[in-house]
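Each chain, letter by letter, is given below.
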Amino acid sequence: MRQEPVPLTRQLSMYAYRGYTVLEFRGEIDIVAATEIGPFLDRFTGRPGARVVFDLRPAEFFDCSGLRLLYRARARVLERGGRLHLVCTHPLTLRVFRVTGLARLLPPHPDPDAALACSGAASGSS
């Protein structure tokens with residue numbers, strides 16, 4: 001059962017879902033937003049065995065600052081034996097993920113259920 005998201009910043013909310021912490025990115029994820037979001041991501045991805053889903057569906061804009069956040073978060077989660085999954089459906093954001101190669105490291109899924117369906121291994125562990 002999905003809980004009501006708790007706002008952490010203007011662009012980031014959090015809720016628990018099926019044993020995972022889901023972090024919902026909202027609005028424009030640019031350098032200003034990344035500065036605000038970074039400490040929260042570090043908190044959630046720094047835990048041993050963290051189980052995190054990044055949900056970018058509510059994000060309207062996602063630049064290289066956001067990509068750096070996700071890449072760093074992925075590394076932190078995998079270093080600590082956790083699992084990280086990505087939910088993204090915005091065509092432009094998906095294109096950026098494919099062009100930069102991040103889609104290979106952190107494969108996007110259409111919704112949290114689809115992401116968790118492949119949770120047998122850490123997402124993007126290659």
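Residues numbered from 1 in each chain as written. Predicted model: local features only at pLDDT ≥ 70, side-chain atom pairs only at ≥ 80, totals over all residues. Heavy atoms only, no water.

Q: Tell me about the environment of Ile-29, and name the residues and values.
A: Position of Ile-29 relative to the elements: it lies in strand S4 (residues 27–29). In this structure Ile-29 comes out as buried when scored by relative accessible area, which is 0%. Residues Ile-29 and Gly-66 lie 37 residues apart in sequence; the distance between their C-alpha atoms is 5.9 Å. Aside from chain neighbours lying at most four places away, what touches Ile-29 is Gln-11, Ile-37, Ala-59, Phe-61, Phe-62, Asp-63 and Gly-66. (Helix = DSSP H or I, 4+ residues; strand = E, 2+ residues; numbered from the N terminus. Buried < 20%, exposed > 50% of the residue type's maximum accessible area, 1.4 Å probe, protein only. Contact = heavy atoms within 4.5 Å.)

Q: Can you explain the state of the cysteines? Please cite residues and give values.
A: Inspection of the entire model under this criterion finds zero disulfides. The structure places no disulfide on Cys-64, whose sulfur is separated from the nearest cysteine sulfur, that of Cys-88, by 16 Å. The thiol sulfur of Cys-88 is not disulfide-bonded, and the nearest other cysteine sulfur, from Cys-118, lies at 15 Å. (Disulfide = S-S within 2.5 Å.)

Q: Talk me through the nonpolar core; I want residue IDs and the actual numbers.
A: Core analysis: the biggest nonpolar cluster contains 28 residues, and Phe-25, Phe-54, Leu-70 and Phe-97 have the highest contact counts within it. Going through the elements one at a time, strand S3 (20–25), helix H1 (31–45), strand S5 (51–55), strand S6 (59–62), helix H2 (64–79), strand S7 (83–87), helix H3 (91–100) and helix H4 (102–105) are the ones with two or more residues in this core. In contact with Phe-97, not counting residues within four places along its chain, are Leu-56, Phe-62, Leu-67, Leu-70, Leu-86, Leu-102 and Ala-103. Residues Tyr-15, Tyr-17, Val-53 and Val-87 belong to the second largest nonpolar core, which totals eight residues. (Core = buried A, V, L, I, M, F, W, Y, C linked by side-chain atoms within 4.5 Å.)

Q: Run through H1, naming residues and quoting values.
A: Residues spaced three or four apart along an α-helix face the same direction, because each turn holds 3.6 residues. With 15 residues, H1 extends 20 Å between its outermost C-alpha atoms, agreeing within 8% with the 21 Å of an ideal straight helix rising 1.5 Å per residue. At Ile-37, H1 is bent by approximately 40°, the largest bend along its length, and proline Pro-39 sits one to four residues beyond. Within the sequence span of H1, burial applies to Ala-33, Ala-34, Ile-37, Gly-38, Leu-41, Phe-44 and Thr-45. In this structure, the buried residues of H1 make contact with strand S1 (6–9), strand S2 (12–17), S3, S4, S5 and H2. (Expected span 1.5 Å × (residues − 1). Bend = angle between axes of the 7 residues up to and from the residue.)

Q: Got a sec to walk through the packing of H1 against H2? Specific residues and values, please.
A: Think of two packed helices as two axes; the pair is described by the angle between the axes and how far apart they sit. The interhelical angle for the contact between H1 and H2, taken along N-to-C directions, is 10°, at an axis separation of 10 Å. Classified by the interaxial angle, the pair formed by H1 and H2 is roughly parallel. Here Ile-31, Ala-34, Ile-37, Gly-38, Leu-41, Asp-42 and Thr-45 of H1 lie close against H2, whose contacting residues are Ser-65, Leu-69, Arg-72, Ala-73, Arg-76 and Val-77. Taken together, the residues that form the contact of H1 with H2 break down as seven nonpolar, three polar and three charged. (Axes fitted to C-alpha atoms, helices over the stretch in contact; angles between N-to-C directions. Parallel < 35°, antiparallel > 145°, perpendicular 65-115°, else oblique. Nonpolar A, V, L, I, M, F, W, Y, C, P; charged D, E, K, R; others polar.)

Read these as layout, nothing more, since geometry by itself doesn't imply function.
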